[in-house]
Amino acid sequence: MPFLEVNDLLVHYPVRGGIFNRKQRVVKAVDGVHLAIEQGQTYGLVGESGSGKTTTGRAIIGLSPITSGSVLFQGRDIARSGTRMPPAVRRDIQMIFQDPYSSLNPKKRVLDIVAEPLRNFEKLSAQEEKRRVRQLLEQVGLSAESIYKYPHEFSGGQRQRIGIARAIALKPKLIIADEPVSALDVSVQAQVLNFMKDIQKELQLTYLLISHDLGIIKHMCNFIGIMYKGRYVEQGTTADIFENPQHIYTKRLLSAIPDLDPSKREKLAKLRGAVNAEYEQFHGSYFDDEGLAHPLKAITKTHSAALP
Amino acid sequence: MNEELLRIDRLTTSFRIADDYYAAVDEVTLSVGTNEIVAIVGESGSGKSALAYSIMGLHTRARIEGSIYYKGQDIASLPLSKLNKLRGKEIGMIFQDPQSALNPLMTVGDQIEEVLLLHRPELARKERRRRVIELLTKVGIPRPEHATGLFPHELSGGMRQRVVIAIAVANEPKLLIADEPTTALDVTIQLQILDLIRKLKNESGAGIILITHDLGVVAEMADRVAVMYAGQIVEIADIYTLLAGARHPYTRSLLQSIPAAGEAQSRLHVIQGIVPSLQHLPREGCRFRSRIPWIDESAHEAEPKLHEVAPGHFVRCTCHSDFHFPVHKEDDRHHAIS
Ligand SMILES: Nc1ncnc2c1ncn2[C@@H]1O[C@H](COP(=O)(O)OP(=O)(O)OP(=O)(O)O)[C@@H](O)[C@H]1O
Ligand SMILES: Nc1ncnc2c1ncn2[C@@H]1O[C@H](COP(=O)(O)OP(=O)(O)OP(=O)(O)O)[C@@H](O)[C@H]1O
Ligand code: SF4
Ligand SMILES: [Mg+2]
Ligand SMILES: [Mg+2]
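Here the structure is a predicted model, which is why all the values come from computation and not from measurement.

Remarks on the confidence of the model for chain B
Residues and elements named next belong to chain B. A residue-level look at chain B finds 94% of positions with pLDDT of 70 or above and a mean pLDDT of 87. In this model, residues 329-338 is a region of pLDDT below 50 whose contacts with residues beyond four sequence positions or in other chains number 32 contacts. Among the prediction metrics, the complex's ipTM stands at 0.81, with pTM recorded as 0.86.

Below, the structure written as C-alpha cells:
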C-alpha cells in the first residue's frame, strides 16, 4: 500500500463568462491525476505554467475543492468531496509555499510564525512553546535568539528556513513543497535543498516537490510525474524520465534544459530542431481533439506514458 | 570582426542612504561589441540591475560617476531629450520586474503600438497593427489577436514577461539589455525567448547584455561573461574559459552550487554567509574574504585589482592559486548567522 495515493483526481473550477455572466464554463485545472508515493521518497511534479501542479498539491492538503477522485493517505481516504479532513491527518501533511518573501507575515515575530501550528494543535505553556520554537530554529540552522526578530531581518534562504521550521513544527510525515527555491539565488538554493535532504533523513519525511526546474527535480527526486494541461503525460523513476522519455512533450521539455557545456550549442540546436519537428508532426496523435493528453499506458512496472 | 558598441569606463553608481552615498556599482569597466552577448552573473544584490539602470539613464536619485560610451558618444552626460531618442529605439531593455514595466491602464496592444509610434512614426497604422501581432507571435503568446485587447492584470506572470520582451525588441534595438528575461518562464518558453535574443544578435548584429543568475542560460547564450560580486567585477572571460578555467573563488563557488543535471544526488556547495547590504559592505580589502573563512588570512591580497591572467581573462586578485574548497563539506545547517 503506497504512503500517499491519488486516484483519478479532478479539480474543475466553474467560471462565469459570456453576456450577463450566465454561461458557465469550467476550467479543468486538474483532470484525472493518479499518483502514488512511498514513504521517505521524493516525488517530483513538473509541467508548464498553468498545468495544474499547485492545484494538485493544494487538493491533497484540502485547500482546493475536489470535484471527484480520492486521496488516500496511509490507506485512509482523506479528501472525499464534502467531508473535512480529520485533524490528525492535517497535522501529518504540511505545505511549504513558493515565495519566502510573501508567505511569512511581516508583522509577526519569528516566534509567532513558527508557533502558529503548535497553537492550533497543541496546548503548550508559553515557556514550553518557546523551548520548542528555539529547538525548531536550531534544527533549521538559525540561532535560537532569532525568535524575537521579524522576517525582514533575514535573507531569502533564511526566510525559507523559517517557513520550513513552521512546516515541521508538528512533526509531519508528508511535506508538499511548491517551488520552494525558485525565488532564491543558486547559492541559497543549494542551502535549502541540502537542508531539505538532511531533515528528510532525520525525520523520515516524504516529499511532493513541485518545480519547473528540471535540474532540481533530477537532483532531488526518485519519482517524477509530468503534467500538461491538467493531465499526466508521463510518469516514472528519475532514470525512466531522463534516460528513456517516451512522450513527445517530455522529450521537448528535456531538450529545452539549458546545458552547461557551451561546446554543445550547435549539437543542441539540431537536436531541439528535430524534437520540435517531431512534436509538430505527431501532435495530432499524441493529443486528443481538445489538445489534451490521452490516458497513461504502462510501459514497464515503474514507467507509463500517455501514448497514442 | 565585432566593433565596439558600448564601453563602460569606471562606472560608479551610488545610492544615498541616510546622509552618505554608497556605491552599488563600483568602478565597473566593461565593453560590448556588435554581434556579441555579454552575460553578467552574480548573487542577488551584487549590483547587476543597478548597472543596467545606469546604462539606460533610469536612476533618478543616484550619483553616477565615470563614462558610458555608446558608439563613441558619452551617454552618461547626454541631456534627457537626446537620451530619449536612443532609449526604446537603439537601446532596448527587458526589465526584471514586468509588473512595474507595464502600464496597468493600457491594453497590451496599445502599449506595443506606443513604442512603435514613438520611434517609427512613418509606419502606417495598419502596418503598425500587423507588427504588433507579429511581435506577440514571436514571443510565444497564444492567440495574439485576442491578447492585444487584454490589460496586464488579465495575463499570467509569464505572459506579462513576454509582453515586456515584445516591447523591448519592437524597434530592433542595436543594444539590448535583458535583465533576468526568462526567470519567470518554464523551459520551453525560455528556449523560445532565448532563440529570439540570439536572432537579434545573428540577424541584425545587435550587442546584448544578458543579466541572469542561471548559469545554464549563460552557457547557452554568452560569448563573454562578467561575474559581479558586491558591486565589482571579480572575473571576466570568454564563456569557454569561464566554465572550464574559472579562477576567482566566487566564480568557482557559484559553479559548484548548481544542481547540474548529471552529477545527481550529491550535496551541493553552499557559499557561507550572505551578500552584505550596501551600508555594510567592506570597502577595504577584498569583499569576498569573509565568505571563505577557511582560507588563511595571509593568502589574501590587500587591495585586489583586476589582473589579466591570459588574453581577455581578467581576475580580481592574484592570490586565487591558494584557493581550495573546504576539505570535508561541513553541515551547512550549523552556520547560523544572526
Ligand atoms: N481558484 C481558481 N479559479 C479558477 N481557475 C483557477 C483557480 N486556481 C487555479 N486556476 C486555474 O487552474 C489552472 C492550473 O493552475 P495551477 O496554479 O495549478 O498551475 P501550476 O501548474 O501550479 O502553474 P505555475 O507553474 O504557473 O505555478 C490554471 O489555468 C489556473 O488559471
Ligand atoms: N534605489 C536604491 N536605493 C538604495 N539602494 C539600492 C537601490 N537600488 C538598489 N539598491 C541596492 O543596491 C544593491 C544592488 O542592487 P541591484 O538591484 O543592482 O542587485 P541585483 O544584482 O540586480 O540583484 P537581483 O539578482 O536580486 O536582481 C543592493 O544592495 C540594493 O539593495
Ligand atoms: S583577496 Fe584574493 S584570495 Fe582573498 S578572497 Fe579576495 S580574491 Fe580571494
Ligand atoms: Mg504553481
Ligand atoms: Mg536585479
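Regarding the site of ligand 1
Residue and element names in this part refer to chain A. Near ligand 1, the surroundings consist of Y13, V27, A29, E48, S49, G50, S51, G52, K53, T54 and T55. In this structure, S51 approaches ligand 1 through a main-chain N or O atom, which is 3.2 Å from an oxygen atom. Contact distances for ligand 1 include 2.8 Å between an oxygen atom and a side-chain N or O atom of K53. Among the elements that line the shell around ligand 1, the one with the most residues is helix α1 (residues 53-60), at three residues. Tallied by class, the residues present in the shell around ligand 1 amount to three nonpolar, six polar and two charged.

Observations regarding the pairing of strand β12 (residues 313-316) of chain B
Residues and elements named next belong to chain B. Looking at chain direction, strand β10 (residues 232-238) and β12 are connected through two bridges and run antiparallel. Following the sheet pairing, I236 is matched in β12 by F314. Two elements, strand β11 (residues 306-310) and β12, share four bridges in a ladder whose sense is antiparallel. Looking at β12, one finds that E308 is bridged to F314. Hairpin connection of β11 to β12: two residues between the antiparallel strands, including G312 at a positive phi of 80 degrees.

Side note on the interface of chain A and chain B
Taken together, the contact between chain A and chain B spans 48 residues of the former and 47 residues of the latter. Summed over both sides, the interface of chain A with chain B buries roughly 3,800 Å², with 54% coming from carbon and sulfur. Taken together, chain A and chain B are joined by one salt bridge. Its salt-bridge partner being E220 of chain B, residue R272 of chain A comes within 2.8 Å of it at the nearest N-O pair. For the side of chain A that touches chain B, the secondary structure elements donating two or more residues are α4 (126-139), α5 (156-168), α6 (186-203), α7 (214-220), α9 (248-255) and α10 (265-286) of chain A. Each residue belonging to the side of chain A that touches chain B can be placed in one class, and the counts come to 20 nonpolar, 14 polar and 14 charged.

Notes on unusual backbone geometry
Peptide bonds are trans in most cases, and residues, glycine excluded, mostly fall at negative phi. Notably, K229 of chain A is not glycine yet its phi reads approximately 45 degrees, a positive angle. Take K229 of chain A: it is sitting in the loop between β9 (223-228) and β10 (231-237). Residue K229 of chain A is classed as partly exposed on the basis of its relative accessible area, which comes to 38%. The backbone phi angle of E27 of chain B is positive, close to 55 degrees, even though this residue is not glycine. Within the secondary structure, E27 of chain B sits in strand β2 (residues 20-33).

Some points on the coordination of the magnesium ion (ligand 5)
Residues and elements named next belong to chain B. Within the protein, S49 (OG) and Q96 (OE1) serve as the donor atoms for the magnesium ion (ligand 5), at 2.0 to 2.2 Å. Taken together, the residues span a long stretch of sequence, with S49 in helix α1 (residues 48-56) and Q96 in the loop between β6 (91-94) and α3 (98-101) at a distance of 47 residues. Take S49: its relative accessible area is 22%, and that puts it in the partly exposed class. The class for Q96 is partly exposed, based on a relative accessible area of 42%.

Focus on the sheet that holds strand β3 (residues 42-47) of chain A
All names here are of chain A. If you trace the eight strands from one edge of the open sheet to the other, you get β6-β7-β8-β3-β9-β10-β12-β11, paired in mixed fashion. At either end of the open sheet lies a strand with only one pairing partner, and these are β6 (93-96) and β11 (297-298). When β11 meets strand β12 (residues 304-305), the two strands line up antiparallel, connected through two bridges. Note on β12: the bridge partner recorded for K297 is A305. Contacts between α6 and the sheet are confined to β3, β7 (174-178) and β8 (206-210), with β8 contributing the most and set at about 155 degrees to the helix.

Digging into the packing of aromatic side chains
Inspection of every chain in the model, using the stated rule, returns 11 aromatic pairs over all chains. Here the aromatic rings of Y229 of chain B and Y250 of chain B are separated by 4.7 Å at their centres, their planes lie at 55 degrees, and the arrangement is tilted. In this pair, Y229 of chain B sits in strand β9 (residues 224-229) while Y250 of chain B sits in helix α11 (residues 249-256), placing the two residues 21 residues apart along the sequence. Side by side, Y229 of chain B and Y250 of chain B carry an identical accessibility label, which is buried. Ring geometry for F323 of chain B against F325 of chain B: centres 5.2 Å apart, planes inclined by 75 degrees, an arrangement best described as edge-to-face. Among the aromatic residues, those joined into a cluster by ring pairs are Y228, Y249, Y279 and F287 of chain A. For the cation-ring pair, R252 of chain A lies above Y279 of chain A, with the distance from its terminal atom to the ring centre recorded as 4.2 Å. Its end group placed over the ring of Y21 of chain B, R63 of chain B keeps NZ or CZ at 4.5 Å from the ring centre.

Quick notes on the rules
- Residues numbered from 1 in each chain as written.
- Chains lettered and ligands numbered in written order.
- Predicted model: local features only at pLDDT ≥ 70, side-chain atom pairs only at ≥ 80, totals over all residues.
- Heavy atoms only, no water.
- pLDDT = per-residue confidence, 0-100.
- Contact = heavy atoms within 4.5 Å.
- Near = heavy atom within 4 Å.
- Polar contact = N/O pair within 3.5 Å; in protein donor to acceptor, adjacent residues only side chain to side chain.
- Helix = DSSP H or I, 4+ residues; strand = E, 2+ residues; numbered from the N terminus.
- Nonpolar A, V, L, I, M, F, W, Y, C, P; charged D, E, K, R; others polar.
- Pairing = 2+ DSSP bridges.
- Buried area = accessible area lost by both parts, 1.4 Å probe.
- Salt bridge = Lys/Arg side-chain N within 4 Å of Asp/Glu carboxyl O.
- Buried < 20%, exposed > 50% of the residue type's maximum accessible area, 1.4 Å probe, protein only.
- Donors = N, O, S within 2.8 Å, 3.2 Å for Na, K, Ca; no water.
- Axes fitted to C-alpha atoms, helices over the stretch in contact; angles between N-to-C directions.
- Phe/Tyr/Trp six-rings, centres within 6.5 Å; stacked < 30°, edge-to-face > 60°.
- Lys NZ or Arg CZ within 6 Å of the ring centre and 35° of its normal.

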